[in-house]
Each structure stands twice: as C-alpha cells, then as structure tokens.
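# Architecture at a glance
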Amino acid sequence: MNEIRRRPGDGTGGLRTGAATFETLREQAVALRREGHSRRAIRDRLAVHNNDLLNALLQGEPPPEWTKRPNAKDDLRARARELRLQGLTYDRIQLELGCSKSSISLWVRDLPKPERQRTTEEAAEIARRGWEKTLEQREVVRRQVKRDAAAELGTMTERELFLVGVGLYWAEGSKSKPYARREKVTFVNSDPNMISMFRAWLGVVGVEPEHIRYRVMIHESGDVTGAEQFWADLVGVERSQLQRTTLKKHNPTTVRKNVGADYRGCLVIHILKCADLYRRIEGWWSQMAVEARRLTA
C-alpha cells in the first residue's frame, strides 16, 4: 500500500493542504483496520487527529476483537434478552437478575412485547394491592400533617374560643330573617367535637347550664336508644333529661351514607330566654365581618 507523504502538523491527513483526498484516506484507513490496527494506531499512522474525520474514515468497519473490553454486564444482557423472549415482564426480569428496569429496557426494547399472561381479575387484584399501598402511605402523611398542625395551635385562650364560637354559631346555628323574626339560639350538629366546642363557648358567654336543653334528631331506622344514650353521656346529663327525640321518616328510595353503628343522628342544643344572647351574637358577628374587610382592604 502506497502511503501519501503529509506535512507535519496537518492534523487532517493532508486533506486541508490537498496532499490527499478523502477516498484515498478512507481506503488506507479501512485497510489498516482490517489488518487489526486500533483507532489510535490508525490515527497516528495517517496523521488524522480530528475525531469526526477519523469516524467518517472508519464508518462501517468493526473494531478488531482484541480491542474490545470485557463488559461485566454482557452476561446479564444476554440473560435478560433470553428471559424477555420467554415472555417475562420487566418486573419479573428485575426480580430474576437484580438489575434496574432502565437497564433492562435498554437491553430488550427491540424485542417484541410479550402477550399479557394474567387475567383481567389478576390484573385488577394487582392494581388494588398497589392502590392500597398508596393509600397507606397517604394515611401516614395525613396523620403526620394533623399532628404538626395540632402542635402549631397550642393552647387556646378564652378569647380565641369566644371568636371561634361566634363564627361556629353563625355557620351552624339558627338565624333570624327579616321576613321571619326569630331571635332564638339553637345549634344543631352531628359532630361530637362541634357539640363540645359549642358547649364550651356557651360557658364563655355566660349561659347557665339550667338554661340549656338537649334533643336528639335521628332517622327512624337508626338506633334511637343508643343515640340518645351517646349524646346524653357526651353532654353529661341523664338520658331522661333529654327532650323528646325527633324522628325523621325513612325514605327507602334514598341512598344514605350516614348508616351503621357510628350513625347517631344530630344533637339539637336550644337555649332558654335567649333573645338578648342572639342579639349579641348578631352584633359580634357583624363586627367580625367589618374587621375581616379591614384586614383584607
């Protein structure tokens, strides 16, 4: 093979100076490659120090076997392809070989996707188990957030309880209307904590226990006796001291969610001789609304 003489320092094998053509250089590079020379040897021999040019000269010519480095993952790759051809999923291949899904995907993505080997019921069960795990993780986070929030609140002052109670009543209590003047204080709720909060607020605003009346409201299909006992225990009175329970008629066409052992209806709290208290509640709330507008102005 006749080699072309090149000027030292050319770096492109003589292409830049016209001492050689691309076809001549490629012919020599291919011949050297097939003789078993490495890229470095060919680069030095032809004085081609530009990687793009060297790649073009050697395009399509595989490196000699002796230049290939052994790869520790070659066996894993071969085994992964074998398992994929047997119809295994990425998950099962990962369990079998202990390698990452990204590596598995890189190795076998050119192979046909295996047909589904599980029934619709099996797939649904797998999805359900996965969703249950997600819900468990969410519940852990939810509980932690609630614990952190409770710690942020700390101890509530009497004034804070007073303000909370005014807002609580205006949201959940009975209110007088311009077309129906009823200045009475009646609070109805099914949440035991709301009931406890409202009773504590009544103490803050000076309502005496003997002026408070309690009554249960519940669907006739519920456990009336059990509900009465539950609410009586919560507010600290005898069941016999409750006013007559109001029973809601059961509509069989209505799909109700408030059923089961935890359904206890609602407790109605009514205050006697309460017109003055109601007027004060209206006044407190109207001023709170004024202050809210001031703070957001």
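Just above sits the structure.
Residues numbered from 1 in each chain as written. Predicted model: local features only at pLDDT ≥ 70, side-chain atom pairs only at ≥ 80, totals over all residues. Heavy atoms only, no water.

## A look at the nonpolar core
Among the nonpolar cores identified, the biggest contains 30 residues, and V185, F198, I269 and I271 are the most heavily contacted of them. When residues of this core are traced back to their parent elements, those giving at least two are helix 8 (158–172), helix 9 (192–204), strand 2 (212–219), helix 10 (224–235), strand 4 (266–271) and helix 11 (275–296). In this structure F198 touches L168, Y169, V185, F187 and I269, once residues within four positions along its chain are discounted. In this structure, A20, I42, V48 and L58 belong to the second largest nonpolar core, which totals 11 residues. (Core = buried A, V, L, I, M, F, W, Y, C linked by side-chain atoms within 4.5 Å. Buried < 20%, exposed > 50% of the residue type's maximum accessible area, 1.4 Å probe, protein only. Helix = DSSP H or I, 4+ residues; strand = E, 2+ residues; numbered from the N terminus. Contact = heavy atoms within 4.5 Å.)

## With respect to the pattern of salt bridges
What the rule picks out here adds up to 11 salt bridges. With a shortest N-O distance of 2.9 Å, R239 and E228 are connected by a salt bridge. With R239 in the loop between helix 10 and strand 3 (246–248) and E228 in helix 10, this residue pair connects regions lying 11 residues apart in the sequence. Among the residues examined, R239 registers a relative accessible area of 36% and is labelled partly exposed. Owing to a relative accessible area of 13%, E228 belongs among the buried residues under this scheme. One continuous salt-bridge network, built from bridges that share partners, spans E139, R142 and R143. (Salt bridge = Lys/Arg side-chain N within 4 Å of Asp/Glu carboxyl O.)

## Quick notes on the environment of T225
If you trace the backbone, T225 turns up in helix 10. Spatially, the C-alpha atom of T225 lies 9.7 Å from that of T245, the residues being 20 residues apart in sequence.

## Quick look at the environment of I195
Within the secondary structure, I195 sits in helix 9. Measuring from C-alpha to C-alpha, the distance between I195 and L267 comes to 7.7 Å, with 72 residues separating the pair along the chain. In contact with I195, other than residues within four places in its own chain, are F187, N189, W231, L234, V235, L267 and I269.

## Brief notes about unusual backbone geometry
Although it is not a glycine, A47 adopts a positive phi angle of roughly 60°. Summarising the element assignment, A47 is placed in the loop between helix 2 (39–46) and helix 3 (51–58). For A47, a relative accessible area of 23% gives the class partly exposed.

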